[in-house]
Amino acid sequence: MDIKKIGILGAGTMGAGIAQVCVEAGFKVMLVEIEEGILKGALSKISKAWQKSLEKGKIDDATKTSREALLESSGELSSFKDCDLVIEAIVEEISVKKKVFKAMDEICPDHTILASNTSALSITEIAASTSRTDRVAGMHFFNPVPVMKLVEVIPGSDTSESTIEAVVNLTKGIGKEPVVAKETPGFIVNRILNPLVNEAALAYQEGVASAEEIDKAMKLGAGLPMGPLALADMVGLDIVLHVTETFFKEFGEPKYRPALVLRQKVRAGHLGVKTGKGFYDYAK
Ligand code: CAA
Ligand code: NAD
């Protein structure tokens, strides 16, 4: 399938990075976000990244200008009407995802593939809200998107082989490494990484050590690139909580019960880096 224009829904932590890498690979991108302030922030973050590349001599003026011309943005889902593939990256709640997939199904041309960047939810359930269950797939990027090489590609129960082939080819086309994973909660990486993050939150709430000490121990003692609590803040504590809740509900095992401290921080609106406070304080 010939993908020329990519739609991205949600310009938060993930959507902004996905838009950036798709444009850098030469695709036309339509970035749609309902919160005007978040959209402005995302465009400014992408622009700063390209400015930094220019200053470092990684790209020239002409490349920066052509990238800027490839990136369009909007507050309306109807802007996806000429996209060949749309990647959804909004809140990790199944009811909200189903609603937007239904709407996108009505707006997009028949050939358009609808992909979800969900961290742990069922692609089959998301696809069931559309009339194109064969053209819906999981396309799971990792944070920070411009740096992390992996994209997990997840077929739902009705996803066609040609859809998976198109998503795998696109993943390679944007310089990422695809791994096709079966539809199970959290796929591969989150299945293994999220319990580690939840366990770190449990250790923190039990007072085993401070956040700094837990993170230091896991970096120096387990060789992680960053501590699990700093990682939770970077991912977003709402996302970590949603993923853990999905595991607890779907697997039905007590070992997946979310740490209370996650729930408390999310209730207080302390979601990590994106709100300025989580396990750490990011206030400037
Ligand atoms: N956005 C864009 N680029 C970034 C970045 C960000 N947030 N953070 C770092 N970078 C870039 C830097 O600009 C730098 O690039 P240059 O070399 O071109 O200058 C490069 O990455 C290295 O940066 P630093 O030296 O500042 O930082 P580092 O070497 O400590 O690496 C890190 C930072 C890549 C975040 C590293 O700590 C890391 O790999 N952490 C773990 C990340 C991880 O586990 N991600 C998966 C989370 S789970 C998930 O995403 C799935 C889900 O569904 C929740
Ligand atoms: P985020 O909270 O940073 O951003 C989500 C954005 O979607 C917000 O800006 C919000 O305003 C916007 N939005 C919500 N409803 C919308 C709608 N109907 N139309 C348009 N925009 C809408 O979230 P995020 O961290 O970018 O996560 C997005 C998705 O990606 C989630 O499913 C998450 O599980 C998944 N994911 C997150 C990470 C991560 O590390 N944060 C990694 C991989 C996958």
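Above this text sits the structure in question.
Because the structure is a prediction, the values reported are computed rather than measured.

## Re the pairing of strand β2 (residues 28–32)
Here's step 1: Of all the five residues making up β2, four are buried; the element is thus mostly covered by neighbouring parts of the structure.
Here's step 2: For strand β1 (residues 5–9) and β2, the ladder comprises five bridges, and the chain directions are parallel. From the neighbouring strand, Lys5 faces β2, where its bridge partner is Lys28.
Here's step 3: The parallel pair β1 and β2, bridged by helix α1 (residues 13–24), forms a crossover whose chirality is right-handed.
Here's step 4: Here β2 pairs with strand β3 (residues 71–74) via four bridges, running parallel. Paired with Leu31 across the strands is Ser73, a residue of β3.

## What about the side chain of Asn198?
Here's step 1: Its location among the elements puts Asn198 in helix α7 (residues 189–205).
Here's step 2: Note on Asn198: relative accessible area 3%, which makes it buried.

## Re the site of ligand 1
Here's step 1: Near ligand 1 lie 17 residues; those nearest to it are Lys56, Ser119, His140, Asn143 and Asn190.
Here's step 2: Take Lys52: an N or O atom from its side chain is 3.1 Å from an oxygen atom of ligand 1.
Here's step 3: For ligand 1, an oxygen atom lies 2.8 Å from a polar atom in the side chain of His140.
Here's step 4: When ligand 1 sits alone it has 1,100 Å² of accessible area, and the protein chains cover 57% of it.
Here's step 5: At the level of secondary structure, the elements contributing two or more residues to the shell around ligand 1 comprise α7 and α9 (228–235).
Here's step 6: Across the shell around ligand 1, the residue classes tally to 10 nonpolar, four polar and three charged.

## Describing the layout of surface pockets
Here's step 1: Each pocket or cavity is described by its volume, and for the second largest pocket that value is around 240 Å³.
Here's step 2: For the second largest pocket, the lining is made up of 15 residues, of which Ile94, Leu121, Thr246, Lys249 and Glu250 are closest to its centre.
Here's step 3: A per-element tally of the lining of the second largest pocket places helix α10 (residues 237–251) first, with five residues.
Here's step 4: Tallied by class, residues from the lining of the second largest pocket come to four nonpolar, four polar and seven charged.

Reading guide: rules and limits
Residues numbered from 1 in each chain as written. Chains lettered and ligands numbered in written order. Predicted model: local features only at pLDDT ≥ 70, side-chain atom pairs only at ≥ 80, totals over all residues. Heavy atoms only, no water. Buried < 20%, exposed > 50% of the residue type's maximum accessible area, 1.4 Å probe, protein only. Helix = DSSP H or I, 4+ residues; strand = E, 2+ residues; numbered from the N terminus. Pairing = 2+ DSSP bridges. Right-handed = clockwise from strand over helix to strand, strands pointing away. Near = heavy atom within 4 Å. Polar contact = N/O pair within 3.5 Å; in protein donor to acceptor, adjacent residues only side chain to side chain. Areas by Shrake-Rupley, 256 points an atom, 1.4 Å probe, with all protein chains shown as cover. Nonpolar A, V, L, I, M, F, W, Y, C, P; charged D, E, K, R; others polar. 1 Å grid on protein atoms, 1.4 Å probe; cavity = no way out; pocket = protein on both sides within 12 Å on 5 of 7 lines; lining within 4 Å. Points joined across faces, edges and corners; volume = space filled by probe spheres on them.

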